[in-house]
Amino acid sequence: QVQLVESGGGLVQAGGSLRLSCAASGRTSSSSTMSWFRQAPGKEREFVAGWGASIRYTDSVKGRFTINRDNAKNTVYLQMNSLKSEDTAVYYCAARPGLSVPHVRPYDYWGQGTQVTVSS
C-alpha cells in the first residue's frame, strides 16, 4: 500500500503562486509514476501534470506549472505560477507502480486532495 498526503493549497490572488507537495509513504519507489489531477466544482477530474516515462502537462498549464520530484524524500511537487481563476479546484496527487505515460489512467493510489482557490 502507498499513502499520499497533499499539502500547500490555499487562497491566492490571480497572478500569484503556490507550491503543492505530495508526500508518499508505504511501498514507494523512485520508479513509480506520480501525477497531479484537479477537479473543479461540477466538472470531471482532469490530468494536470505527471512524471513517469515522460513529463507531461495539460495544455492549459504549460509554461505556468512545473512538476518536480525528490526521490530521496518520496515527494512530488507542483509549482504553480501565474495562477488564474480557472485554476481553482481541488488538487489530487496520484501514483502507480512503474514508469508509464502519466496522463493515462487508471492510478492505483490517490491522496485526499488540497483546495486551491484563486481570486480574481
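Residues numbered from 1 in each chain as written. Predicted model: local features only at pLDDT ≥ 70, side-chain atom pairs only at ≥ 80, totals over all residues. Heavy atoms only, no water.

### Let's talk about the sheet that holds strand S1 (residues 2–7)
- Ordered in space as S1-S3-S8-S7, the 4 strands form an open sheet in which the pairing is antiparallel. The open sheet has two edge strands, S1 and strand S7 (65–70), and neither has a second partner. Ignoring which end each strand starts from, the neighbouring axes of this sheet average 15° apart.
- Bridge analysis of S1 against strand S3 (residues 18–26) gives 6 bridges, and the strand direction is antiparallel. The residue of S3 that forms the bridge with Gln 3 is Ser 25. (Pairing = 2+ DSSP bridges. Helix = DSSP H or I, 4+ residues; strand = E, 2+ residues; numbered from the N terminus. Axes fitted to C-alpha atoms, helices over the stretch in contact; angles between N-to-C directions.)

### Quick look at the pattern of salt bridges
- According to the stated counting rule, one finds 4 salt bridges in the structure shown.
- Among the salt bridges present, the one from Arg 38 reaches Glu 46, with a minimum N-O distance of 2.7 Å.
- By relative accessible area, Arg 38 is classed as buried at 5%. (Salt bridge = Lys/Arg side-chain N within 4 Å of Asp/Glu carboxyl O. Buried < 20%, exposed > 50% of the residue type's maximum accessible area, 1.4 Å probe, protein only.)

### A closer look at the packing of aromatic side chains
- Under the criterion given, the structure shown has 4 aromatic pairs.
- Between the aromatic rings of Phe 37 and Phe 47, the centroid separation amounts to 5.6 Å while the plane-to-plane angle is 80°, which identifies the pairing as edge-to-face. With a gap of 10 residues between them, Phe 37 in strand S4 (residues 32–39) and Phe 47 in strand S5 (residues 46–51) connect regions that are remote in the sequence.
- For Phe 37, a relative accessible area of 0% corresponds to the buried category.
- Aromatic pair Tyr 107 and Trp 110: ring centres 6.0 Å apart, planes at 65°, arrangement edge-to-face.
- On the basis of relative accessibility, which here comes to 7%, the residue Tyr 107 falls in the buried class.
- For Trp 110, a relative accessible area of 28% corresponds to the partly exposed category.
- Taken together through their ring pairs, the aromatic side chains of Phe 37, Phe 47, Tyr 107 and Trp 110 make up a single cluster.
- When the ring centre of Trp 110 is taken as origin, the NZ or CZ atom of Arg 45, which lies over that ring, is 4.9 Å away. (Phe/Tyr/Trp six-rings, centres within 6.5 Å; stacked < 30°, edge-to-face > 60°. Lys NZ or Arg CZ within 6 Å of the ring centre and 35° of its normal.)

### Let's talk about unusual backbone geometry
- Each neighbour pair has its own omega, and for Arg 105 with Pro 106 the value is 10°, a cis peptide bond.
- Here Pro 106 shows up in the loop between strand S9 (89–97) and strand S10 (109–110).
- Residue Asn 74 is not a glycine yet carries a positive backbone phi of 50°.
- Topologically, Asn 74 is positioned in the loop between S7 and strand S8 (75–80).
- Classification of Asn 74 by relative accessible area gives partly exposed; the value is 28%.
- Although it is not a glycine, Ser 82 adopts a positive phi angle of roughly 50°.
- Note that Ser 82 resides in the loop between S8 and S9.
- Accessibility expressed as a relative area gives 42% for Ser 82, which makes it partly exposed.

### Regarding the pairing of S4
- Of all 8 residues in S4, 7 are buried; the element is thus mostly enclosed.
- In terms of strand pairing, S4 meets S9 through 8 bridges, oriented antiparallel. Of the residues in S9, the one forming a bridge with Arg 38 is Tyr 91.
- Of the pairings in the sheet, the one linking S4 to S5 comprises 5 bridges and is antiparallel in character.

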